[in-house]
There are 2 protein chains.
Amino acid sequence: MKARVLITPKEGILDPQGKAVERALPALGFEGVSNVRVGRLVELDTNDPDALPSLCEKLLANPLVEDFEVEVDEK
Amino acid sequence: MKARVLITPKEGILDPQGKAVERALPALGFEGVSNVRVGRLVELDTNDPDALPSLCEKLLANPLVEDFEVEVDEK
């Protein structure tokens, strides 16, 4: 089945990529956007969705500085 | 309000990062995972969610090789 892992920098961790996006926006004419955080999105097919949190901790995310969220599509 | 932009490589576009994850998995003891695609996740606060698709096309995603999806949290 299909699953998605959403990985974001933890609250309070510096996110230079997000800051760069935030600073670029006014120059492009977009106002009123704040708190931009850039993370990663991993899509995959798996037979064993219960293994995903452990997979995230070991390979996909760095649990020291990143939070992750697993979404499984039950179809 | 809070919004999330999910950016993934288009179908058919080579995704070396996804391939690298896929190859690393068996060595870590995870079997049965396939079609790994690695994209980006952008979280932000905005006053004007209608501007997000245009913002994605101009700054966050590369529409030639990436698809994006906008999720707005109406709270």
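Located above this text is the structure these notes cover.
Here's what I pulled together on the structure shown here. By convention here, each chain's residues receive numbers from 1 onward along its written sequence. Chain letters start at A and ligand numbers start at 1, both assigned in the order the entries are written. Local features are withheld for residues below a pLDDT of 70 in this predicted model, meaning they are given only at 70 or higher, and side-chain atom pairs are given and counted only at 80 or more; totals for whole chains, interfaces and linings count all residues. Side-chain calculation: all heavy atoms of the structure are included, whereas hydrogens and water are not.

### Side note on the overall build of chain A
Our working rule: Strands here mean DSSP runs of E at least two residues long; helices mean DSSP runs of H or I at least four residues long; both are numbered from the N terminus. Radius of gyration means the value over C-alpha atoms here, while the globule rule gives 2.2 Å times the residue count to the 0.38 power. A simple rule labels every residue: compare its accessible area, found with a 1.4 Å probe on the protein chains alone, to the largest value its type can have, and call it buried under 20%, exposed over 50%, or partly exposed in between. Using the Shrake-Rupley algorithm and a 1.4 Å probe, accessible areas are obtained, with residue cover drawn only from the displayed protein chains. Asp and Glu count as negative and Lys and Arg as positive, but His and the ends of the chain are not part of the count. Charge positions come from single atoms, namely NZ of Lys, CZ of Arg, CG of Asp or CD of Glu.
Within chain A one finds 2 helices and 3 strands. Its C-alpha radius of gyration of 15 Å places chain A more than 25% over the 11 Å reference for a compact globule of 75 residues. Each principal axis of the C-alpha distribution contributes one length, and for chain A these read about 45 × 30 × 15 Å. Relative to its full complement of 75 residues, chain A shows a buried share of 39%. As presented, chain A carries roughly 4,300 Å² of accessible surface, and 51% of it is formed by carbon and sulfur atoms. With 9 positive and 15 negative side-chain charges, chain A shows a spacing of 5 Å between the two charge centroids.

### So, the sheet that holds strand S1 (residues 2–9) of chain A
This is how it is decided: What makes two strands pair is DSSP finding at least two bridges between them. Only C-alpha atoms enter the line fits that serve as axes; for helices the fit covers just the stretch in contact. Angles between N-to-C directions range over 0 to 180 degrees. In this description, contact between two residues means that some pair of their heavy atoms is separated by no more than 4.5 Å.
With antiparallel pairing, 6 strands are arranged side by side in an open sheet as S3(A)-S1(A)-S2(A)-S2(B)-S1(B)-S3(B). Each edge of the sheet is formed by a strand with only one pairing partner; in this case those strands are strand S3 (66–72) of chain A together with strand S3 (66–72) of chain B. Within this sheet the neighbouring strands show an average axis-to-axis angle of 25°, counted without direction. Sheet topology places strand S2 (residues 33–46) of chain A next to strand S2 (residues 33–46) of chain B; 11 bridges connect them, and they run antiparallel. Residue pairing across strands places Arg37(A) opposite Glu43(B), the latter belonging to S2(B). Packed onto the sheet, helix H1 (residues 16–24) of chain A meets S2 of chain A together with S2 of chain B and runs at close to 125° relative to S2(A). Along the sheet, helix H2 (residues 52–60) of chain A makes contact with S1, S2 and S3 of chain A together with S2 of chain B, crossing S3(A) at roughly 145°.

### Description of helix H2 (residues 52–60) of chain B
Every α-helix carries 3.6 residues per turn, so stepping three or four residues along brings you back to the same face. To keep things clear, this is the line we draw: Arc, as used here, means the arc of the directions from the helix axis to the C-beta atoms.
Three or more residues of H2(B) are buried, namely Leu52(B), Leu55(B), Cys56(B) and Leu60(B). Take H2(B) and look down its axis: the buried residues cluster within an arc of 105°, on one side only. Contacts made by the buried residues of H2(B) are with H1 and S2 of chain A together with strand S1 (2–9), S2 and S3 of chain B.

### Here we look at the relation of the copies chain A and chain B
What counts is decided by this rule: The copies were overlaid by least squares, fitting only the C-alpha atoms of residues that reach a pLDDT of 70 or more in each copy.
Of the transformation placing chain A onto chain B, the axial shift is 0.0 Å and the rotation is 180°, giving an RMSD of 0.0 Å. Both copies are brought into coincidence by an operation consistent with a two-fold rotation axis. It is Arg40(A) whose C-alpha, among those of chain A, lies nearest the rotation axis, at 2.1 Å. Interface overlap between copies: 100% of the residues of chain A at the interface are likewise at the interface in chain B, consistent with a symmetric, same-surface contact.

### As for the side chain of Asp15(B)
Residues and elements named next belong to chain B. Stated formally: By salt bridge we mean one thing: a side-chain nitrogen of Lys or Arg within 4 Å of a carboxyl oxygen of Asp or Glu. The term polar contact refers here to a pair of N or O atoms within 3.5 Å; inside protein, the definition further demands a hydrogen-donor-capable atom paired with an acceptor-capable atom, and it admits residues adjacent in sequence only when both atoms are side-chain atoms.
Examined against the element boundaries, Asp15 turns out to sit in the loop between S1 and helix H1 (16–27). Of the side chains bearing the opposite charge, Arg37 lies closest to the buried Asp15, which forms no salt bridge; the N-O distance is 4.5 Å. A polar side-chain atom of Asp15 sits 2.8 Å from the main-chain amide nitrogen of Val38. Apart from the residues lying within four places of it in its own chain, the contact partners of Asp15 are Pro9, Val36, Arg37 and Val38.

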